[in-house]
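An overview of the molecular structure
Given next are the chains, with one letter for each unit.
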Amino acid sequence: MILRLVLWNLADSKTSLDELKTHLPPPADGDVWIANEPQERFGFVSTGDAPPDFEQVRGLIGKDPEVLEEFDVL
């Protein structure tokens, strides 16, 4: 199994976390959107077989994620 961690810094993005929340696609089973409002960080954690398509989210935020990592689950 693979765990994917994707993180954006929203401090210099084109959108706010509140606006972003209203436009997020629903996650697949086992996947979750995550946020840390005080740090203006937003992300996604996935354990699915294939990475999700982040084009809609990239368009809203205006940039690629700062962190895009894959880990083997032990």
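Scroll up to find the structure.
1. With respect to the overall build of the protein
If you tally the helices and strands in the protein, you get two helices and four strands. Of the regular secondary structure in the protein, the N- to C-terminal order runs β-α-β-β-α-β. Dimensions of the protein, computed from C-alpha atoms along their principal axes, come out at roughly 35 × 20 × 20 Å. Taken across its 74 residues, the protein has 28% of its residues classed as buried. Counting only contacts in the protein whose residues sit at least 6 apart along the sequence, the fraction spanning at least 24 positions is 70%. Taken as a whole, the protein presents about 4800 Å² of accessible surface, with 51% of it coming from carbon and sulfur.

2. With respect to the pattern of salt bridges
Taken as a whole and judged by the stated rule, the model has six salt bridges. When the shortest N-O distance is used, the salt bridge between Lys21 and Glu37 registers 3.6 Å. Residue Lys21 is found in helix α1 (residues 17-23), and its partner Glu37 is found in the loop between β2 (32-36) and β3 (41-46); the two are separated by 16 residues along the sequence. Where Glu55 meets Arg58, a salt bridge forms, and the shortest distance between an N and an O atom there is 2.8 Å. Of this pair, Glu55 and Arg58 both sit in helix α2 (residues 55-61), separated by three residues, roughly a single helical turn. The network of salt bridges with common partners includes Asp12, Lys63 and Glu66.

Definitions and limits used
All chains use their own residue numbering, which begins from 1 and follows the written sequence. Note on the predicted model: pLDDT of at least 70 is required for a residue's local features to be given, and 80 or more for side-chain atom pairs to be given and counted; whole-chain, interface and lining totals, by contrast, use all residues. The side-chain values count all of the structure's non-hydrogen atoms but skip hydrogen atoms and water molecules. Under the scheme used here, helices are H or I runs from DSSP no shorter than 4 residues and strands are E runs no shorter than 2 residues, and both carry numbers assigned from the N terminus. Here the term buried applies to any residue with accessible area under 20% of the maximum for its type, exposed to any over 50%, and partly exposed to those in between, with areas from a 1.4 Å probe on protein chains only. Note on definitions: a residue-residue contact is assigned when non-hydrogen atoms from the two residues lie within 4.5 Å. Note on areas: Shrake-Rupley, 1.4 Å probe, and residue coverage restricted to the protein chains presented here. By salt bridge we mean one thing: a side-chain nitrogen of Lys or Arg within 4 Å of a carboxyl oxygen of Asp or Glu.

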